[in-house]
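Structure at a glance
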There are 2 protein chains.
Amino acid sequence: WASPGAEAAPQTPNIVLLLMDDMGWGDLGVNGEPSRETPNLDRMAAEGMLFPDFYTANPLCSPSRAALLTGRLPIRNGFYTTNGHARNAYTPQEVVGGIQDSEFLLPELLKKAGYVNKIVGKWHMGHRPQFHPLKHGFDEWFGSPNCHFGPYDNKARPNIPVYRNWEMVGRFYEDFPINLKTGEANLTQIYLKEAMDFIKQQAYKQPFFLYWAVDATHAPVYASKAFLGTSQRGRYGDAVREIDDSIGKILKLLQDLGIQENTFVFFTSDNGAALISAPSQGGSNAPFLCGKETTFEGGMREPAIAWWPGHISAGQVSHQLGNVMDLFTTSLSLAGLQPPGDREIDGIDLLPAITQGKLIDRPIFYYRGNEMMAIRVGLYKAHYWTWSNSWEEFSEGVDFCPGQNVSGVTTHNQEKHTELPLLFHLGRDPGEKYPISVSSPEYQAALHRISPIVEEHEKTMIPAAPQLNVCNPAVMNWAPPGCEKLGKCLSPPESTPKKCFWPH
Amino acid sequence: WASPGAEAAPQTPNIVLLLMDDMGWGDLGVNGEPSRETPNLDRMAAEGMLFPDFYTANPLCSPSRAALLTGRLPIRNGFYTTNGHARNAYTPQEVVGGIQDSEFLLPELLKKAGYVNKIVGKWHMGHRPQFHPLKHGFDEWFGSPNCHFGPYDNKARPNIPVYRNWEMVGRFYEDFPINLKTGEANLTQIYLKEAMDFIKQQAYKQPFFLYWAVDATHAPVYASKAFLGTSQRGRYGDAVREIDDSIGKILKLLQDLGIQENTFVFFTSDNGAALISAPSQGGSNAPFLCGKETTFEGGMREPAIAWWPGHISAGQVSHQLGNVMDLFTTSLSLAGLQPPGDREIDGIDLLPAITQGKLIDRPIFYYRGNEMMAIRVGLYKAHYWTWSNSWEEFSEGVDFCPGQNVSGVTTHNQEKHTELPLLFHLGRDPGEKYPISVSSPEYQAALHRISPIVEEHEKTMIPAAPQLNVCNPAVMNWAPPGCEKLGKCLSPPESTPKKCFWPH
Ligand SMILES: [Ca+2]
Ligand SMILES: [Ca+2]
């Protein structure tokens, strides 16, 4: 590995994935957020390549993250449920399942090329011992296995632990305070320091993979004192500003260390803005329909920027259809590795798009649980199923599409359109408001192109065993490794496994 | 006046106003339009100053334009109606009224400082002889007095004339074809050439004022052959692309002539995107609520960019609350002139914001016809009246808020909230979806600030006589000056003046 300034043979580049939690496409100034409070991300885009057509594999945290790190749709890697049709499932602490050993995770594979791998922040791929990130290729971890919900009473429900590597070092709301009233927490600053220290440690040694999975923009949103109250956008905006500031510092560190041309940085989010938490705790999906939990554009389209000075020329916009799963394949490609040949990989190598401006023809599949709800091919999106959430939930005030109501589209029943899919042109109609008439030549032509792709997809799809079906209060974070040193072990209740209930 | 390269004393700068028709805030790449098809406007913003908080004075063409050129609210300059409460009125060719001689128009005043003034495109401030732009300070005109609706039969209704200076030179759909089927028309190219020729003609002579009021983005939208079918966004996008390309050419000409540092250029639009014409003929208001015709943000907030190399440093964003009426006062300021002292002027001088980054505290008033519907003070917007359109119209398919429905806000009755205004925080909630609770301290504090401003405004408001109340088929464009030379004079019907009907 080259020391700074030394002449060296081309190296496999470092990889930094900056993964946001529930941040929306419309939260970036460069994507039109009116307050323009992301100068560092806007500069990152101006110096790199912006992807306005980038997607997640699932509109919820856990399956999105599992897809990113395996390069596979959740229905292939097991991060879904069959407890109900088209229901989103994730990994709250009562879930029994998690990432299977049979899956190859990106850090596991990168190790073969000598990478040192660190995850900072939220893991969310299972909190039980066998799912621990250090068992799946990461060398270091600072962060939590689950969302920072709480505080809990440590009786019916334990507070979520924070780990350093193999062992817990405390719990949220106890050792890592989050003030729900003021919104104050210094977690982003801690996560920033973890990233900076790791980058400095690895800068001139082995190549590194940093997976920076911060969660300040996931409700309950938080920011440290220096950022609280500084945004036009309220508390959510304060969280965005602190993350933006942190990203500016990370990019500057790479430049100060002189390793920016040898570090591929990618910024994106795990799912669309959580409009259920808006306006004070949720972000913006700009012109797109609905948000998190849905397979409308607002749930699935993500902000995305690639930054790699010397390799990506400044100020580019790529209309390549991209997906978080591509970060798996692209990262392997950067490391000179091939994706596993023994299984279906859904992610594609984006390097031709990123470094040569090529456009690779590929569809985007929009899954919700065990159902392919929609597909995008070119500028057309066909919905085979539509659902926002149930009438029962909606009548209780749970609204994934606040202020929006597109007749026959944002449905509160699960509507099947497999015979005559609802078709939209996302160029003319990014907001999915104007279904194209089924009797039009345009509809016929588009379906003629889309149908064989769907048929092929369905024909070859072999779902994995669903990992998110069983819940059990006994598996919660009662006594994580390291708890005894801290005197923070709690007694689990009796084991009572049952089907998890996923309301939407 | 200085010749190129010659040393010269500071001159009053040329002024170029690029006024779009029905273009939405969200139609610019720099404001987040996903297709990113406005590279020239995006570059203009990158080289200049972007205003995300810029407004029109009225969500409809004619009153907006009258406000821009007089610096006064339509209720002060007469561009409104009292035929109904809070109804939008404009200048179709049967309208009897137009701009009054008692109003001072910007070009009239600029003449005192030696400016040569040209309007290219749509006038829309009255089509009868006394309202002619050359009677109100313009030295040259190429364009039409009304919208390019048609074709008409020249019996019940004449086609709209196109003027060069004092006389008509043809009619739309006859001598200036617009193909409604294909969308082809070369008008933007003609308007571009008119602008370029005028700039070249004036470059080293007297200072000039160019008011470039193109209308390709107003339904029926059009583009020339070279641009048709080139946008991801359909025909509307083709129109945007051609205008963007033209603006690139205008800015380049200023640079090629070496007069860019002596030419102040401002880009904006007359009202929000016309969602009634979307998706194929209407634009985008991005995260904002509803569109043209309404006093929600989508109807009133406009894209806006100031460009003046050497005076405005590159890449700035100003959160100054701006209004098209400010272009009147700012232009006078640039010309070293004072606004008229004998009347209320609503526009402010934006130069301190533009050249020194100052923020000037001022409210934005949202009028619809004879009613102040809402006000913005700081980040708060208070609605005193809400109305999208009537149930009757809505049930016939006229929808100013397609796919959007905010309970109690996008009302189909005229709802009065003067006792307890509906309050929104536009920073947290740019989409006006979450009214702030009237019982909250935040509501009380905001209203405490807003109420005195509204009271003062109402106390001092003396409405002008409404000019848009009377319609008469006899006043249509039957026999405009110059028609005899072309053999295009038509016979007017009998005079039958009656109240204009304004449905919304
Ligand atoms: Ca998430
Ligand atoms: Ca207009």
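Please refer to the structure placed before this passage.
I will try to describe carefully the structure that is included in this document. (Residues numbered from 1 in each chain as written. Chains lettered and ligands numbered in written order. Predicted model: local features only at pLDDT ≥ 70, side-chain atom pairs only at ≥ 80, totals over all residues. Heavy atoms only, no water.)

**Considerations on the overall build of chain A**
Just so we agree on the cut-off: The secondary structure listing takes helices from DSSP runs of H or I that are at least 4 residues long and strands from runs of E that are at least 2 residues long, numbered from the N terminus. Using C-alpha atoms as the atom set, the radius of gyration is obtained and then compared with a globule rule of 2.2 Å times the number of residues to the power 0.38. Classification of residues uses two cut-offs on accessible area relative to the type maximum, computed with a 1.4 Å probe and protein chains only: under 20% is buried, over 50% is exposed, and between them is partly exposed. By the convention used here, residues are in contact when the closest approach between their heavy atoms is within 4.5 Å. Here the open area of atoms and residues is found with the Shrake-Rupley method and a 1.4 Å probe, where only the protein chains shown may cover a residue. Charge assignment in this entry is limited to Lys and Arg as positive and Asp and Glu as negative, and neither His nor the chain termini are counted. In this description, the location of a charge corresponds to atom NZ of lysine, CZ of arginine, CG of aspartate or CD of glutamate.
Broken down by element type, chain A carries 12 helices and 21 strands. Since a compact globule built from 504 residues should have a radius of gyration of about 23 Å, the 22 Å found for chain A is in line with a globular shape. Residues classed as buried in chain A amount to 64% of the 504 residues present. Across chain A, contacts joining residues at least 24 apart in sequence account for 72% of those joining residues at least 6 apart. In the structure as shown, chain A presents an accessible area of about 17000 Å², 53% of it carried by carbon and sulfur atoms. Where the 43 positive side-chain charges of chain A centre and where its 54 negative ones centre are 3 Å apart.

**A few points about the coordination of the calcium ion (ligand 2)**
Residue and element names in this part refer to chain B. Rules: A 2.8 Å cut-off from the metal defines N, O and S donors, relaxed to 3.2 Å for Na, K and Ca; water is not in the atom list, so some sites may appear incomplete. In this scheme the shape depends on donor count and angles: four donors with every angle between 85 and 135 degrees give tetrahedral, four or six donors with opposite pairs above 155 degrees and others between 65 and 115 give square planar or octahedral in turn, and any other case is irregular.
In the first shell of the calcium ion (ligand 2), the protein supplies Asp21 (OD), Asp22 (OD), Cys61 (SG), Asp270 (OD), Asp270 (OD) and Asn271 (OD1), at 2.2 to 2.6 Å from the metal. Taken together, the 6 donor atoms coordinating the calcium ion (ligand 2) and their angles of 52 to 165 degrees define a geometry best described as irregular. Within one chain, the residues serving as donors to the calcium ion (ligand 2) are arranged as D-D-x38-C-x208-D-N. Considered together, aspartate 21 and aspartate 22 belong to a single accessibility category, that of buried residues.

**Regarding the sheet that holds strand β4 (residues 116-121) of chain B**
Pairing between the strands of a sheet is mediated by backbone hydrogen bonds and can be parallel or antiparallel. Residues and elements named next belong to chain B. Our working definition: Strand pairing is assigned whenever DSSP identifies at least 2 bridges connecting the two strands.
The strand order β7-β6-β5-β4-β8-β1-β9-β11-β2-β12 describes an open sheet built from 10 strands, whose pairing is mixed. Edge positions in the sheet fall to β7 (167-171) and β12 (316-317), since each has one partner strand and no second. Sheet topology note: the strand β2 (residues 49-50)/β12 ladder contains 2 bridges and is parallel. Across the sheet, the residue bridging to leucine 50 is valine 317, located in β12.

**With respect to the nonpolar core**
Rules: Buried residues of nine kinds, namely Ala, Val, Leu, Ile, Met, Phe, Trp, Tyr and Cys, make up a nonpolar core once their side-chain atoms join them within 4.5 Å.
Within the largest apolar cluster, 76 residues are counted, with the highest numbers of intra-cluster contacts made by Leu69, Phe209 and Tyr211 of chain A. Of all hydrophobic cores here, the second largest spans 75 residues; its members include Ala57, Trp141, Ala213 and Trp308 of chain B.

**A few points about the relation of the copies chain B and chain A**
Applicable threshold: We superpose the copies by least squares over the C-alpha atoms of residues that have a pLDDT of at least 70 in both of them.
Laying chain B over chain A is done by rotating through 180 degrees and shifting 0.0 Å along the axis; what remains is an RMSD of 0.0 Å. Viewed as a symmetry operation, the transformation between the two copies matches a two-fold axis. Most of the interface of chain B is mirrored in chain A, where 100% of its interface residues are also at the interface.

**So, the coordination of the calcium ion (ligand 1)**
Residues and elements named next belong to chain A. At the metal site, the calcium ion (ligand 1) is ligated by Asp21 (OD), Asp22 (OD), Cys61 (SG), Asp270 (OD), Asp270 (OD) and Asn271 (OD1), and these contacts range over 2.2 to 2.7 Å. For the calcium ion (ligand 1), the 6 donor atoms in the first shell make angles of 52 to 165 degrees at the metal, a pattern classed as irregular. Each donor residue of the calcium ion (ligand 1) belongs to the same chain, with the gaps between them written as D-D-x38-C-x208-D-N. Here asparagine 271 lies in the loop between β9 (263-269) and α7 (297-300) and aspartate 21 lies in the loop between β1 (14-20) and α1 (39-47), a separation of 250 residues in the sequence.

**Comments concerning the state of the cysteines**
Disulfides are covalent bonds that connect the sulfur atoms of two cysteines. All names here are of chain B. Using the following cut-off: Pairs of cysteine sulfur atoms within 2.5 Å are what we label disulfides.
Per the counting criterion, the structure on display carries 6 disulfides over all chains. The disulfide partner of cysteine 290 is cysteine 401, and the S-S distance across this bridge is 2.1 Å. Because the sign of the S-S torsion sets the handedness, a value of about 105 degrees for the bond joining cysteine 290 and cysteine 401 places this disulfide among the right-handed ones. Of this pair, cysteine 290 sits in the loop between β9 (263-269) and α7 (297-300) while cysteine 401 is found in the loop between α10 (391-395) and β18 (415-416), placing the two residues 111 residues apart along the sequence. According to the relative accessible area criterion, cysteine 401 is buried, its value standing at 3%. Paired through a disulfide, cysteine 483 and cysteine 489 show a sulfur-sulfur distance of 1.9 Å. One quick way to see it: the torsion about the S-S bond of cysteine 483 and cysteine 489 is about 95 degrees, and its sign makes the bridge right-handed.

**Brief notes about the packing of aromatic side chains**
Keep this limit in mind: We call Phe, Tyr and Trp rings a pair once their centres come within 6.5 Å, taking the six-membered ring for Trp, and we label the pair stacked below 30 degrees between planes, edge-to-face above 60, and tilted otherwise. As a reminder, the over-ring test applies to NZ of lysine and CZ of arginine, requiring each to be within 6 Å of the ring centre and within 35 degrees of the ring normal.
Under the criterion given, the structure shown has 34 aromatic pairs over all chains. Arranged with centres 5.6 Å apart and planes meeting at 75 degrees, the rings of phenylalanine 198 of chain B and phenylalanine 208 of chain B form a pair that is edge-to-face. Placement of phenylalanine 198 of chain B in helix α5 (residues 187-202) and of phenylalanine 208 of chain B in strand β8 (residues 208-213) is noted, with a sequence separation of 10 residues between them. Put simply, the rings of Phe51, Phe54, Phe264, Phe266 and Trp308 of chain A pair up and form one aromatic cluster. Above the ring of tyrosine 152 of chain A, the side-chain terminus of arginine 157 of chain A is found at 5.2 Å from the ring centroid.

**Quick look at the packing of α1 of chain A against helix α6 (residues 235-256) of chain A**
All names here are of chain A. Selection criterion: Angles run from 0 to 180 degrees between N-to-C directions of axes, and those axes are lines fitted to C-alpha atoms, restricted for helices to the stretch in contact. The scheme is simple: roughly parallel for angles under 35 degrees, roughly antiparallel for over 145, roughly perpendicular for 65 to 115, oblique for anything else. Residue type decides the class: Asp, Glu, Lys and Arg count as charged, Ala, Val, Leu, Ile, Met, Phe, Trp, Tyr, Cys and Pro as nonpolar, and the leftover types, Gly among them, as polar.
Relative to each other, α1 and α6 sit at 45 degrees, their axes nearing to 7 Å. With respect to each other, α1 and α6 are oriented oblique. Contact residues: Pro39, Asn40, Leu41, Met44 and Glu47 in α1; Asp244, Asp245, Ile247, Gly248, Leu251 and Gln255 in α6. Among the residues forming the contact of α1 with α6, the class breakdown is 5 nonpolar, 3 polar and 3 charged.

**Observations regarding the sheet that holds strand β15 (residues 371-377) of chain A**
All names here are of chain A. With respect to topology, 4 strands assemble into an open sheet ordered β14-β15-β16-β19, the strand pairing being antiparallel. On the outer flanks of this sheet lie β14 (364-368) and β19 (422-425), each paired with one strand and no other. Sheet twist, expressed as the mean angle between neighbouring strand axes with direction ignored, is 20 degrees. As paired strands, strand β16 (residues 380-383) and β19 are joined by 4 bridges and run antiparallel to one another. Each bridged residue has a counterpart across the sheet, and for histidine 383 the counterpart in β19 is leucine 422. Packed onto the sheet, helix α11 (residues 441-460) meets β14, β15, β16 and β19 and runs at close to 125 degrees relative to β15.

**Brief notes about the interface of chain B and chain A**
Counted only if it meets this: A side-chain nitrogen of Lys or Arg and a carboxyl oxygen of Asp or Glu constitute a salt bridge if their distance falls within 4 Å.
Counting from both sides, the interface comprises 35 residues of chain B and, opposite them, 35 residues of chain A. There are 0 salt bridges connecting chain B and chain A. Split into classes, the residues belonging to the side of chain B that touches chain A amount to 17 nonpolar, 12 polar and 6 charged.

**Details of the pattern of salt bridges**
Scanning the model with the defined rule gives 56 salt bridges over all chains in all. What emerges from the salt-bridge pattern is a single network uniting Asp53, Glu297, Arg301, Arg376, Lys381 and Glu432 of chain A.

**What about the pairing of β4 of chain B?**
Residue and element names in this part refer to chain B. A large share of β4 lies buried, amounting to 6 of its 6 residues. Pairing between β4 and β8: 6 bridges, direction parallel. Among the inter-strand pairings, valine 120 is bridged to a residue of β8, identified as tryptophan 212.

**Re the side chain of threonine 38 of chain B**
All names here are of chain B. Following the sequence through the fold, threonine 38 ends up in the loop between β1 (14-20) and α1 (39-47). Taking the relative accessible area as the measure of exposure, threonine 38 reaches 1% and is therefore buried. Those residues within four positions of threonine 38 in sequence are excluded, and the remaining contacts are Asp27, Leu28, Gly29, Val240 and Asp244.

**Observations concerning the environment of asparagine 83 of chain A**
All names here are of chain A. To be explicit about the condition: Within 3.5 Å is the distance limit for a polar contact, defined as a pair of N or O atoms, with the added protein rule that one can donate a hydrogen and the other accept it, and that residues adjacent in sequence qualify only through two side-chain atoms.
Residue placement: asparagine 83 occurs in the loop between α3 (74-77) and α4 (106-111). You can call asparagine 83 partly exposed: its relative accessible area is 23%. For the pair asparagine 83 and tyrosine 380, spaced 297 residues apart in the sequence, the C-alpha separation amounts to 31 Å. At 2.9 Å, the side chain of asparagine 83 and the backbone oxygen of asparagine 469 are in polar contact. Side-chain polar atoms of asparagine 83 contact the backbone oxygen of cysteine 500, separated by 2.7 Å.

**Structural notes on helix α2 (residues 61-70) of chain B**
Residues and elements named next belong to chain B. The element α2 is largely enclosed, with a buried count of 10 among its 10 residues. Along α2, the residues classified as buried are Cys61, Ser62, Pro63, Ser64, Arg65, Ala66, Ala67, Leu68, Leu69 and Thr70. Where α2 is buried, its residues meet β1, α3 (74-77), α4 (106-111), β8 and α8 (326-334). The positive-phi residue at the C-terminal boundary of α2 is glycine 71, with phi of around 70 degrees.

**A look at the environment of serine 269 of chain A**
All names here are of chain A. Its location among the elements puts serine 269 in strand β9. Considered as a pair, serine 269 and asparagine 58 are 211 residues apart in the sequence and their alpha carbons are 11 Å apart. A distance of 3.5 Å separates the side chain of serine 269 from the backbone oxygen of methionine 20, its partner in a polar contact. Within the structure, the side chain of serine 269 is placed 3.2 Å from the backbone oxygen of asparagine 271, a separation counted as a polar contact.

**Observations concerning the pairing of β8 of chain B**
All names here are of chain B. Of all 6 residues making up β8, 6 are buried, and the element is well covered by its neighbours. Of the two faces of β8, the one carrying Phe208, Leu210 and Trp212 and the one carrying Phe209, Tyr211 and Ala213 are both buried. As paired elements, β1 and β8 share 4 bridges and run parallel to each other. Along β8, the bridge assignment pairs leucine 17 with tyrosine 211.

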